[in-house]
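What the coordinates show
Here are the chains, one letter per residue:
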Amino acid sequence: MSFDRVWTDAHLATMVPRDGDPLGIIEDGAIASKDGRIAWVGRRADLPAGAAVTTRCDGAWVLPGLIDCHTHLVFAGDRAREFEMRLEGATYEQIAREGGGILSTVRATRAASEDDLVASALPRLDALLAEGVTTIEVKSGYGLDLETEARMLRAARRAAAQRAVGLQTSLLAAHAVPPEYQGRRADFARYVAQDIIPAIAAEGLADVVDAFTDSVIGFDAEETSWVFDAARAAGLPVKLHADQLRDDGGAALAARYRALSADHIEYASAEGIAAMAKAGTVGVLLPGAFYFIRETHLPDIAAMRAAGLRMALATDLNPGSSPAPSLLLMLNMACTLFRLTVAEALAGVTTHAAAALGMRDRGALAPGLRCDLALFAINRPAELCYWLGRNPCIGRVVVGQ
């Protein structure tokens, strides 16, 4: 048998459940690749001969490359002053109503050049890659006009092209109402649906369309449906920021459109969660935002488990509610704050994160899948969820390289 590369002397968490083991662990294992795909996985003792390059992992643990399936990586400026305001008693919604929040980042991002956006995004991207991330989703949403939304998506693609990383871009023009449309939320939603989505789709800049459904600071269900209908007409799948601050029926709306994912979902009802599971929509948990805005309403994890909902985890890396370029930190937060098990958390940044992006070619160590690997100097996989502020990643492999 002919392989391009083989990794040996490794312990594998394949994330393919077997014999009651949700992590699919193979101790003293090996992985072989061919043409950027995994060609063989198993015990080292059973490895067929025939590799051009062999890498010894010296007992490291190998997992599928980690996937951050919800980020706002590209933006200008920061909102440290608003952080101070929240510490002084202001709420997230109060800051947004006073022109802060998303709109302060919109002003900074509109004023930034594409080169500026790439330059500021790269250090944040590098922090994620250093922890073993091999695929990342990046949203627009801080332009709220066609020109800046397109600039953000181009910047995301340029940044990813300068690094070894898989990328999905999401158009989030329906993120907030810009100043020029204040008091005309429905008009802006129509502008997104009728003008921005067709233009971005024609240029091929977005892989997915996202929206923020919230009756107070986002868009209502009807307005979101206009955006989603336009996405369908453009041949783009959808995902949704849903039920973060209140139950606005976002989970059920996402299910109705068979969205790839509904994200945040702290306030999603058991009925909405069940509808998501039935529709195949992944629930993306974002503990960084939960922690940073000091939310107290926990997502209904019991209902998610009962419904068989696939739960993904992501950083929600953004300047306002989750300035956290660390997916490993999210693993600990999900276990500590939401009481996920180690197996649930690790599936959340591998197999279920891949599902949240509609990417069936990655997220596990199995023949035929893309050879994206993350190597960690740990004694057991639980350490990835246990440590705070420690990064044990010692290597990444992207498409077999």
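Residues numbered from 1 in each chain as written. Predicted model: local features only at pLDDT ≥ 70, side-chain atom pairs only at ≥ 80, totals over all residues. Heavy atoms only, no water.

Per an unreviewed UniProt entry, the protein chain goes by the name Imidazolonepropionase and belongs to Falsiroseomonas algicola. Recorded in UniProt for the protein chain, the comment headed Catalytic activity (unreviewed entry) runs: "4-imidazolone-5-propanoate + H2O = N-formimidoyl-L-glutamate". Of the protein chain, the UniProt comment under Subcellular location (unreviewed entry) reads exactly: "Cytoplasm". (UniProt positions renumbered as here; feature names shortened; annotations may be inferred.)

Next up on the list: the sheet that holds strand 11 (residues 261–264). A sheet is described by the order of its strands in space; here four strands give the open sequence 10-11-12-13, paired in parallel fashion. Here the strands that pair on one side only, and so sit at the sheet edges, are strand 10 (240–242) and strand 13 (311–313). Averaged over all adjacent pairs, the angle separating strand axes in this sheet is 35°, with direction ignored. Alignment of strand 12 (residues 282–285) against strand 13, held across three bridges, turns out to be parallel. Among the inter-strand pairings, Val284 is bridged to a residue of strand 13, identified as Ala312. (Pairing = 2+ DSSP bridges. Helix = DSSP H or I, 4+ residues; strand = E, 2+ residues; numbered from the N terminus. Axes fitted to C-alpha atoms, helices over the stretch in contact; angles between N-to-C directions.)

One open sheet accounts for four strands, arranged 6-7-8-9; its pairing is parallel. Of all strands in the sheet, those with a lone pairing partner are strand 6 (66–68) and strand 9 (208–211), marking the two edges. Sheet twist, expressed as the mean angle between neighbouring strand axes with direction ignored, is 25°. Two elements, strand 7 (residues 133–139) and strand 8 (residues 166–174), share five bridges in a ladder whose sense is parallel. From the neighbouring strand, Val138 faces strand 8, where its bridge partner is Thr169.

For the pair helix 5 (residues 146–161) and helix 6 (residues 185–203), interaxial distance at closest approach is 10 Å and the crossing angle is 35°. You can see that helix 5 and helix 6 cross each other, and the crossing is right-handed. On helix 6, the residues touching Leu146, Ala150, Leu153 and Arg154 of helix 5 are Tyr191, Ile196, Ala199, Ile200 and Glu203. Residues belonging to the contact of helix 5 with helix 6 are distributed by class as follows: seven nonpolar, no polar and two charged. (Left-handed = near helix turned anticlockwise from the far one by under 90°. Contact = heavy atoms within 4.5 Å. Nonpolar A, V, L, I, M, F, W, Y, C, P; charged D, E, K, R; others polar.)

With that settled, the discussion passes to the UniProt feature "binding site: N-formimidoyl-L-glutamate" (unreviewed entry) in the protein chain. Mapped onto this structure's residue numbering, the UniProt feature "binding site: N-formimidoyl-L-glutamate" (unreviewed entry) falls at Tyr142, Asn318 and Gly320. Across 179 residues, the annotated set stays spatially compact, with a maximum C-alpha separation of 11.4 Å. Mapped onto the secondary structure, Asn318 falls in the loop between strand 13 and helix 12 (327–337). Of the residues examined, Asn318 reaches a relative accessible area of 4% and is grouped as buried. Not counting residues within four places of it along the chain, the set of residues in contact with Asn318 comprises His72, Phe75, Tyr142 and Pro323. Of the polar contacts made by the side chain of Asn318, one reaches the backbone oxygen of Asp316; its length is 2.6 Å. For Gly320, the location among the structural elements is in the loop between strand 13 and helix 12. Residue classification places Gly320 among the buried positions, given a relative accessible area of 2%. Apart from residues lying up to four places away in sequence, Gly320 is in contact with Arg79, Arg86 and Phe292. (Buried < 20%, exposed > 50% of the residue type's maximum accessible area, 1.4 Å probe, protein only. Polar contact = N/O pair within 3.5 Å; in protein donor to acceptor, adjacent residues only side chain to side chain.)

Mapped onto the secondary structure, Leu23 falls in the loop between strand 1 (3–13) and strand 2 (25–34). For the pair Leu23 and Glu344, spaced 321 residues apart in sequence, the C-alpha to C-alpha distance is 9.3 Å. Here Leu23 is in contact with Ala13, Thr14, Met15, Val16, Ala343, Leu346 and Pro381, once residues within four sequence places are set aside.

Let us look at the layout of surface pockets. One number sums up the size of the second largest pocket: a volume of about 210 Å³. Along its surface, the second largest pocket is lined by twelve residues, and Arg86, Ala90, Phe292, Ile293 and Arg294 are the ones closest to its centre. Where the lining of the second largest pocket is concerned, the elements lending two or more residues are helix 1 (80–87) and helix 2 (92–97). At three residues, the largest contribution of residues to the lining of the second largest pocket is made by helix 1. Across the lining of the second largest pocket, the residue classes break down as seven nonpolar, two polar and three charged. (1 Å grid on protein atoms, 1.4 Å probe; cavity = no way out; pocket = protein on both sides within 12 Å on 5 of 7 lines; lining within 4 Å. Points joined across faces, edges and corners; volume = space filled by probe spheres on them.)

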